[in-house]
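Survey of secondary and tertiary structure
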Amino acid sequence: MIKTVQQALFSTGLQLPKWEPVENKATDYEVRKYGATKWVSTKVIGMELDPAISKGFMRLFNYIQGNNEKKVKIEMTAPVTCLVDPGAGPICETTFTTSFYIPEEHQADPVKPSDPDVFIEQRPELTVFVRVFGGFTNAQKAQEELIKLSQSLQRDGQQFEENVYYTAGYDSPFKLFNRKNEVWLIKKTGEDVKTEA
């Protein structure tokens, strides 16, 4: 337990999902291809990102601390992602899906959650455009970085999903320096681009 708590508090030695860089000439964003992987996830419906991530994080942290069918502790991983799927109108609720990557040793057979609001997600292969930024983040900062990323992608003629995005955090609130945060926009596949044309 001490190791898991230390990892969660200080973000050291955390296992990350594997990805491959995709060739890209831009200097203000990365393109990454993530393989199909399993994540433990939870959905929170609400109006604001920050409280939704906090609520989701605690559900998932309880899962890795033993609130699962086998009552086993599972190592913390990074990043903590949140898929933001806004409602249809300006004052509609948003669906926030917060997720922890399931460590490699549990990928083939993840431990089932005990909490009915927590589920195992099979995330398909995914190519994302990534903007990395430092410091402490919040909803406003993530939104500002997301706008910069979308402007860069539009400048370069990149096709991306405009209705959803991810935030990704790598550090605990106790880490003060060299913090790493990201916003991701999902690259449209060839089929998505064709259907819009």
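Below, the structure is looked at part by part. Owing to the predicted nature of the structure, the values given are computational and were not obtained by experimental measurement. (Residues numbered from 1 in each chain as written. Predicted model: local features only at pLDDT ≥ 70, side-chain atom pairs only at ≥ 80, totals over all residues. Heavy atoms only, no water.)

On to the environment of Val84. Tracing the backbone through its elements, the reader meets Val84 in strand S4 (residues 80–85). Taking C-alpha positions, Val84 is 25 Å from Phe174, a pair spaced 90 residues apart along the chain. (Helix = DSSP H or I, 4+ residues; strand = E, 2+ residues; numbered from the N terminus.)

In total, this model carries twelve salt bridges according to the counting rule given. The salt bridge partner of Arg155 is Asp28, with a shortest N-O separation of 2.9 Å. Placement of Arg155 in helix H3 (residues 139–155) and of Asp28 in the loop between strand S1 (19–21) and strand S2 (30–34) is noted, with a sequence separation of 127 residues between them. Classification of Asp28 by relative accessible area gives partly exposed; the value is 26%. Through salt bridges that share partners, Glu30, Arg32, Lys180 and Glu182 make up one connected network. (Salt bridge = Lys/Arg side-chain N within 4 Å of Asp/Glu carboxyl O. Buried < 20%, exposed > 50% of the residue type's maximum accessible area, 1.4 Å probe, protein only.)

Working note: non-glycine residues mostly have negative phi, and peptide bonds are mostly trans. The amide bond that connects Ala78 to the next residue, Pro79, takes the cis arrangement and shows omega of -5°. Summarising the element assignment, Pro79 is placed in the loop between helix H2 (49–64) and S4. In this structure, Lys71 takes a positive phi of about 55° despite not being glycine. Note on placement: Lys71 falls in the loop between H2 and S4.

With that settled, consider the nonpolar core. Within soluble globular proteins, side chains that are nonpolar tend to cluster in buried spots. Core analysis: the biggest nonpolar cluster contains 24 residues, and Val40, Ile64, Phe100, Val128 and Trp184 have the highest contact counts within it. When residues of this core are traced back to their parent elements, those giving at least two are H2, strand S7 (126–133), strand S8 (165–169) and strand S9 (181–186). With four residues, H2 is the largest single contributor of residues to this core. In this view, Val128 contacts Glu30, Val31, Arg32, Tyr34, Trp184, Leu185, Ile186 and Lys187; residues no more than four positions away in its chain are not counted. Counting 19 residues, the second largest nonpolar core, distinct from the first, contains Phe129, Phe133, Leu149 and Leu185. (Core = buried A, V, L, I, M, F, W, Y, C linked by side-chain atoms within 4.5 Å. Contact = heavy atoms within 4.5 Å.)

Here the focus is the environment of Pro51. Tracing the chain through its elements places Pro51 in helix H2. Accessibility expressed as a relative area gives 47% for Pro51, which makes it partly exposed. Placed 87 residues apart in sequence, Pro51 and Asn138 show a C-alpha to C-alpha distance of 10.0 Å.

A word on empty space enclosed by the protein. Throughout the structure, instances matching the rule amount to two cavities of 30 Å³ or more. Its boundaries defined by the atoms lining it, the largest cavity holds a volume of some 50 Å³. In this structure, the largest cavity is lined by Tyr34, Gly35, Thr37, Trp39, Arg123, Pro124, Leu126 and Trp184. Looking at the lining of the largest cavity, its residues break down into five nonpolar, two polar and one charged. Quantified by volume, the second largest cavity comes out at close to 40 Å³. Around the second largest cavity sit Val40, Tyr63, Ile64, Ile74, Phe100, Tyr101, Ile102, Pro103 and His106, which together line it. For the lining of the second largest cavity, the secondary structure elements donating two or more residues are H2 and strand S5 (94–101). Of the residues that constitute the lining of the second largest cavity, the class distribution is eight nonpolar, one polar and no charged. (1 Å grid on protein atoms, 1.4 Å probe; cavity = no way out; pocket = protein on both sides within 12 Å on 5 of 7 lines; lining within 4 Å. Points joined across faces, edges and corners; volume = space filled by probe spheres on them. Nonpolar A, V, L, I, M, F, W, Y, C, P; charged D, E, K, R; others polar.)

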